[in-house]
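Notes for the structure review
The chain contents come next:
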Amino acid sequence: MESQDELTFSDVLASTMHDTKNSLGMLYNTLEEMIGRCQEKRCDVQHEFFLLQYEIKRLNNILIRLLTLYKAKKNQLLINLDLHRVGDCLEESVVQNAPLLNSRGIEIDLDCPGDLFWVFDYSLVLGVIDNIMNNTYRYTRDKVRISAVREEAFLVIRIEDNGPGYPPQLLRQGNSTIHDGNPVSFDTGSTGLGLYFSCLVAKSHNNGERKGYFLTENGGSLGGGRFSLYIP
Amino acid sequence: MTVKVITASKSKQSPNLRGKSILVIDDYGNFRVAVKNMLTFFGVKAIDEAVSGEEAVSKMSDKSYDLVMCDYNLGPGKDGQQVLEEVKYRNYITHSTIFMMITADNSMDKFMGAMEYQPDDYLIKPFTREILEKKVKNLFEKKELLRGVEKAIADGDYERALTMCESEILKKPRNLADFYRLKGEVLFKMGNYEETERFYASIMSMGKLPWAMMGSARVKFATERYEEARDVLEQLIAVNNKVMAAYDFLAVVLKKMGKPLDAQKVLMGAVAISPKEIRRQKELGQLSYDNKDLAIAEKALKAAVRQGKHSCFKSPENFTILANVLIDKGEREEGIAVLKDGNREFHNDREATIQIAMSESMVYTRLDRRDKAKEAIDRAVSIARSQPRKGSANIDVDLAKALILNGDAETGRDILRRLIQNNHEDTEVLDQVKQAFRNLGMEDEGQNLVDTAVDEVITMNNEGARLVREGDLVKAIKYFQKATEILPDNKIINANAAYAHILYMQENKPDTAYLIKVRVYLDRVTRLDKNYKDLPKLRSMYKMLMLG
């Protein structure tokens, strides 16, 4: 244990996380094996297995976000900048989410120049992308497109789908700042915590005068929702 | 490049993982099984497991692994970071081994301690087979690319390292950042400070990268621009207050600026964030003791003592300084008890027990208990004579000086003769001895002692080397066994003894008793000089024999 004799809440939280995630990990990996066997035998509950896996993944993302947000509230959101190949981060998220999305027949399109490098916090940005990708499972019809380009002084990572798009209360276009304040809106059923997290991560990336931000729009190249993360 | 991913990648085989040897460390059995299943799926055959940090360290000392997957949280005993530090510190793994730290959340990678003790990558639980495969493949690819540059740096061939970095940077490989980072380090090592600084400035124009800011601070420090170095480090901590290496360096800078109180404050801030780094606790203890802040010194040193139990960085000074702190506070009995604890904690460590005995003697002298003081110094001499040296030569020199000053010149000279013979090629040690005599006003006597003692050893080593050269390995083994008994701390004699035994076993067959001897010799060489030039070669020959 740490040197402080008394257990702080963050110790309790961290150790509970550790146990919970161990269990989630076991559930996840066991399910993965079951799905593997299921695919060989072509059994009919395969789809339900994927649903279970999706929920576990969601739980896990929620836990990570919870801890990150808790720490951010206590302190600043810590960021560990380094120079990364953008494609690596996008590919990792695709590898992570492809089995699930493919199980529903969703096609993933990845478009990113191989020599695009940028300075950002890998695990935080991956967390944002992962979260949005995971959501598309519920909202898109049958396509997801993830792409990255350099637009002037910003790196832009976009995730687009061909679903019904964002509801009006979650749209964030141009300079609106709806997610800066109270992120939780219980009457709409969606807590928007995922977007609040995105907002924190975007804002924690700044380079001199330029600050990171994100946009949620409808339309885009696939006609559904379009999430764009701007990193200076 | 456009990649179209339509279905999940079902890689039934991954040829580049097949022949790899892998160690999986976790105290949670189910997790080890799950990881093993994934690795087996990739075709990996050589998978070892360890349930604790201690077991992991012992496995890595005997066998080379291509990949080590270690959970950070390992229950009681060493944690993942301590395992990493120990195996790197003891050279059980080299830069060709990939060390992956497995954690429960994504906050660990924000902590940045000393550069040389960082894992190659972090893996967050839970992870899928696909993610593991992708990460591991990337890491192997990255290691392969870095191999040449790292070798050039290890060889001290900085020109070649620099050329290699520059040509890789043009190719924009996946791990471009690594080549930039290494380029900065190489430029710094070449002493080309102006260019190094320009280089870091160009990197920092892309963003506030911690390693570039650290590098920039290092250049400013080396060129004695302490205030600028301080400003950069303070900025870095403002961006990410978990870059622990920045606090440690900032404390060094502030001390250099003659601001030990500020340095103490910085380290206090650092231990509040990351209390487990015992070298920092020790530094804080020493610094605040010098600053006469006994309360902070006591707290830091007690933490260092408590956490040292599982760490390769535990140190007797934590006990000796703590004892002095307590006695200064008027807590005599507790101070003496701390020294006794230290003695127990280090009962197998020659230098530590000598140091503690000397410190005990001084403490008793301070308390005016002459008989107890004499008893303690006698114990120090007896340990110095009966056990082989493992650590710093300072202790022996200090002990000899204390003896000569207190009228026991014969014992003092004897301890120094032994020290010289065990280190006859180490000019630093020889200079230390000569310096000690010079300080005592006995320069000629010192020179004389060094010359005769060195001659004796050279004759002895040449005889053994001749036997090996002539192929009389049976005789050579006998000869070196005897030589290592006379000079158990001579790294060259120990390395040659190991070499003779290895050659013998290569020509005949591995032999358990000889393997144990080789292990002892090599551990001695490691302890005496972990950068000894032939050590990696000897270790790999030894590991080959262990497999056969």
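Keep in mind that this is a model prediction, so the values were computed, not measured. (Residues numbered from 1 in each chain as written. Chains lettered and ligands numbered in written order. Predicted model: local features only at pLDDT ≥ 70, side-chain atom pairs only at ≥ 80, totals over all residues. Heavy atoms only, no water.)

Within chain B, the regular secondary structure consists of 26 helices and six strands. Scaling as 2.2 N^0.38, a compact globule of 548 residues should have a C-alpha radius of gyration of about 24 Å, and chain B matches this with 26 Å. Across its three principal axes, chain B shows a C-alpha extent of roughly 85 × 65 × 50 Å. Scored against the burial criterion, the 548 residues of chain B give a buried share of 52%. Summarising the internal contacts of chain B: among those between residues at least 6 apart in sequence, 59% fall at separations of at least 24. Working note: accessible area of chain B is about 24700 Å², and carbon and sulfur atoms make up 51% of it. In chain B, 87 side chains carry a positive charge and 83 a negative one; their mean positions are 5 Å apart. (Helix = DSSP H or I, 4+ residues; strand = E, 2+ residues; numbered from the N terminus. Rg over C-alpha atoms; globule rule 2.2 N^0.38 Å. Buried < 20%, exposed > 50% of the residue type's maximum accessible area, 1.4 Å probe, protein only. Contact = heavy atoms within 4.5 Å. Areas by Shrake-Rupley, 256 points an atom, 1.4 Å probe, with all protein chains shown as cover. Lys, Arg positive; Asp, Glu negative; His and termini not counted. Charge placed at Lys NZ, Arg CZ, Asp CG, Glu CD.)

This brings us to the side chain of A:Asp161. All names here are of chain A. When you line up the elements, aspartate 161 lands in strand S5 (residues 154-161). Notably, aspartate 161 is buried but unbridged: the nearest opposite-charge side chain belongs to arginine 104, and the N-O separation is 9.0 Å. A polar contact is formed between the side chain of aspartate 161 and the backbone nitrogen of glycine 225, at a distance of 2.8 Å. Those residues in contact with aspartate 161 that sit more than four places away from it in its chain are Thr136, Thr140, Lys143, Leu222, Gly223, Gly224 and Gly225. (Salt bridge = Lys/Arg side-chain N within 4 Å of Asp/Glu carboxyl O. Polar contact = N/O pair within 3.5 Å; in protein donor to acceptor, adjacent residues only side chain to side chain.)

Residues and elements named next belong to chain A. Mapped onto the elements of the fold, arginine 158 is located in strand S5. We classify arginine 158 as buried; its relative accessible area is 12%. One polar contact links arginine 158 to tyrosine 230, side chain to side chain, over a distance of 3.2 Å. Excluding residues within four positions of it along the chain, arginine 158 makes contact with Arg145, Ile146, Ser147, Val149, Glu151, Arg226, Phe227, Ser228 and Tyr230.

According to the stated counting rule, one finds 18 aromatic pairs over all chains in the structure shown. Ring centres 5.8 Å apart and planes at 90° place the aromatic pair B:Phe319 and B:Phe346 in the edge-to-face group. Residue B:Phe319 is found in helix H15 (residues 316-328), and its partner B:Phe346 is found in the loop between helix H16 (332-345) and helix H17 (350-366); the two are separated by 27 residues along the sequence. The buried category is assigned to B:Phe319, whose relative accessible area is 5%. Within the aromatic cluster, the residues linked to one another by ring pairs are A:Phe154, A:Tyr213 and A:Tyr230. Over the ring of B:Phe140 we find B:Lys20; its NZ or CZ atom is 4.4 Å from the centre of that ring. (Phe/Tyr/Trp six-rings, centres within 6.5 Å; stacked < 30°, edge-to-face > 60°. Lys NZ or Arg CZ within 6 Å of the ring centre and 35° of its normal.)

Another aspect to go through is the pairing of S5(A). All names here are of chain A. Of all eight residues that make up S5, eight are buried, and the element is covered over most of its length. Side chains of S5 alternate between two faces, with Phe154, Val156, Arg158 and Glu160 and Leu155, Ile157, Ile159 and Asp161 buried alike. When strand S4 (residues 143-151) meets S5, the two strands line up antiparallel, connected through eight bridges. When the bridges of S5 are listed, isoleucine 146 appears paired with isoleucine 159. Hairpin remark: S4 followed by S5, antiparallel, with two residues in the connecting loop; positive phi at glutamate 152, about 50°. Where S5 lies against strand S9 (residues 225-231), six bridges are found, and the strand directions are antiparallel. Within S9, the residue paired with isoleucine 157 across the bridge is leucine 229. (Pairing = 2+ DSSP bridges.)

This part covers the domain arrangement of chain B. The domain boundaries assigned to chain B delineate domain 1 (15-145), domain 2 (155-258), domain 3 (265-306) and domain 4 (464-547). Centre-to-centre separation of domain 1 of chain B and domain 2 of chain B, based on C-alpha positions: 28 Å. (Domains from an automatic or database assignment.)

Now for the packing of helix H18 (residues 370-386) of chain B against helix H20 (residues 409-422) of chain B. All names here are of chain B. Direction vectors running N to C along H18 and H20 enclose 30°, while the axes themselves pass 10 Å from each other. For the element pair H18 / H20, the angle class is roughly parallel. Both H18 and H20 take part in a crossing whose hand is left-handed. The residues of H20 that touch H18, namely those facing Val381, Ala384 and Arg385, are Thr411, Asp414, Ile415 and Arg418. Partitioned by chemical class, the residues of the contact of H18 with H20 number three nonpolar, one polar and three charged. (Axes fitted to C-alpha atoms, helices over the stretch in contact; angles between N-to-C directions. Parallel < 35°, antiparallel > 145°, perpendicular 65-115°, else oblique. Left-handed = near helix turned anticlockwise from the far one by under 90°. Nonpolar A, V, L, I, M, F, W, Y, C, P; charged D, E, K, R; others polar.)

On to helix H3 (residues 53-62) of chain B, then. An α-helical turn contains 3.6 residues, so a residue and the one three or four places further along point in the same direction. Residue and element names in this part refer to chain B. All buried positions along H3 are accounted for by Gly53, Ala56, Val57, Met60 and Ser61. With its buried residues spanning 135° around the axis, H3 presents them on a single face. Looking at the buried side of H3, the elements it contacts are strand S2 (21-25), strand S3 (46-50), strand S4 (67-71), helix H4 (80-89), helix H25 (512-528) and helix H26 (535-547). (Arc of directions from axis to C-beta.)

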